[in-house]
Amino acid sequence: MDDDLRDVRGAVYLPQKDWNAYQLWAEYRNDVVERDLGYASSIGLNSLRVLASYEYWREDGPSFFAHVEHFLTACEQRGVRPLIVLFEAPPKDPPTEENLRATDPKRAFGVHSPSRPDVLQPRDWKGYDRSPIHFARRWAQEYADDDRLLATEIMNEPGDVQPRRDFVTDALRTVRQAAPDAALTMGTRDVRYARFYDREALDGLRGLDAYQFHMNLPKRPAEAYEYVTEQRALADEIAAETRAERSEGSDSRVPLWCTEWQRTLEEPPSRFAPNLASLAPTIRKARAEGMIDGDHFWSLMLRPAYLREPREKGRVNGLFHADGAAYSRADAEVLAGRPLAVADRHALPASWRAHRFPYPGPIADGPIRSSEGVPSGDAELSGLRAGGDVGTADAADVDDTDIDDADIDDADIDDAAETDDRAASIPDGPTFVRDVHESLLDRLRDMLGLDSRRK
């Protein structure tokens, strides 16, 4: 099986029209998915990392599985093997009906799945036939062994806090019991969490078939590569310990994937804009040298940030516009490893003018506008001239990204731990103000001794 889990070249995928996983599956459109899969294939990707939706399955299980069947068939036709994620931990927003269906960009974010109340009570996560654990079992019975699938990821960034650790261990055990030969993994932000979900958790059952880590926003390529090297060494250490405990003699390495990466922070003009080319060579080098066996960048489609905090600060991620033009041809070409005849449109969709976030760079057909309805550069600089405090850090800005057991949903808050210790070219308007803000936060983190390489 190990060979099937290597040489993975992928992206995180959510259609540009959708704001969360529920909307992907509840409003699934064959033509949109097939079009977007064509974009992935055009740059040589062979995998996509996609969130399932327990909430939509609970609402309409037959339709959910029908959409999954189309998705897997369409992927197979294009040489793409998806990594399907059953549950989602980082978002703060609960999966209420309002949040699941919201389309206003100020309210439409990823949701915590299953809900925290369900996770807190074992009877709520497994005590009835529409429970999260029953969903995991049904997924295992229907698709976990499907050859069209790369693997099943039990949860994205569960951390090690109780009782979420108990819930995700129960889900992992359930899937393994129902599908003993399935490829299973856990979306850990750092490989060290594999100790909880491979070594210690499964009572003699076969453990994880691949380990994961995330590295969204490292400072510089050298630091990114150092972190990858550390993750590889830790993965080998945990795998050796696990095999010794189980009296398994294999010396082959457990496949290691970096399933979230975006860019480095050092490249001007804006650290809030997509710049996959700044980190892609490091990822490619790590793959060539056997440090990692696969990766998924964030994200295939150009999108506002998935979570609330980074979106409110103006972060944009991704590669392709809905019509197939690349936000950056340089990004597309470095990912493909060859020149491409793709259209290059280094602007954001005109429809985003109504979003009222301080996005970096131009928006097609008009300037970026702030929530007050005036050009955001003028608004923010006006506040600075008036003595507004742009350097005050809130708790989310200074929390150490390693503190998972505080259950602070730190995992994918993209820029909560951004740092940059060198001067950069000073752009106009909101980018300047954000960079001043981040510079002051850098100093605060340095004084507190916080490490922010990973996000």
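What counts, and where the lines are drawn
Throughout this document, residue positions are counted from 1 along each chain, in the order its sequence is written. A pLDDT threshold of at least 70 governs which residues receive local features in this predicted model, and a stricter bar of 80 or more applies before side-chain atom pairs are shown or counted, although totals over entire chains, interfaces and linings include all residues. The side-chain quantities take in all heavy atoms of the structure and omit both hydrogens and water. Helix and strand assignments follow DSSP, with helices taken as H or I runs no shorter than four residues and strands as E runs no shorter than two, numbered in order from the N terminus. Residue count minus one, scaled by 1.5 Å, sets the expected span of a helix. Any residue under 20% of the maximum accessible area for its type is buried, any over 50% is exposed, and the rest in between are partly exposed; the area is computed with a 1.4 Å probe on protein chains only. In what follows, salt bridge is the name for a side-chain nitrogen of Lys or Arg lying within 4 Å of a carboxyl oxygen of Asp or Glu. Any pair of residues with heavy atoms lying within 4.5 Å of one another is described as a contacting pair.

Sorry, what's going on with helix α9 (residues 164-178) here?
Since there are 3.6 residues in each turn of an α-helix, residues three or four apart along the chain are aligned in direction. End to end, α9 covers 21 Å across 15 residues, agreeing with the expected 21 Å (1.5 Å per residue, within 8%). Burial analysis of α9 places 11 of its 15 residues in the buried class, which makes it a mostly covered element. If you check which residues of α9 are buried, you get Arg164, Arg165, Phe167, Val168, Thr169, Asp170, Ala171, Leu172, Thr174, Val175 and Arg176.

Looking at this model, I keep getting lost on the pattern of salt bridges. Mind explaining?
Two side chains carrying opposite charge are able to pair once their charged atoms lie near each other. Taken as a whole, this structure holds 30 salt bridges when the rule is applied. The residue glutamate 260 makes a salt bridge to arginine 49 at a minimum N-O spacing of 3.0 Å. Of this pair, glutamate 260 sits in strand β7 (residues 256-261) while arginine 49 sits in strand β2 (residues 47-51), and the two are 211 residues apart along the sequence. Both residues of the pair, glutamate 260 and arginine 49, count as buried. A salt bridge links arginine 220 to glutamate 223, with the nearest nitrogen and oxygen atoms 2.7 Å apart. We classify glutamate 223 as buried; its relative accessible area is 18%. Within this structure, Arg6, Arg232, Asp236, Arg253 and Asp293 form a network of salt bridges that share partners.

Mind showing me how you'd approach helix α2 (residues 30-42) here?
Compared with the 18 Å implied by 1.5 Å per residue over 13 residues, the 18 Å span of α2 between its first and last C-alpha is a close match. Those residues of α2 hidden inside the fold are in contact with β2 and α4 (61-77). Phi turns positive one or two residues past the end of α2, at glycine 44, with a value near 85°.

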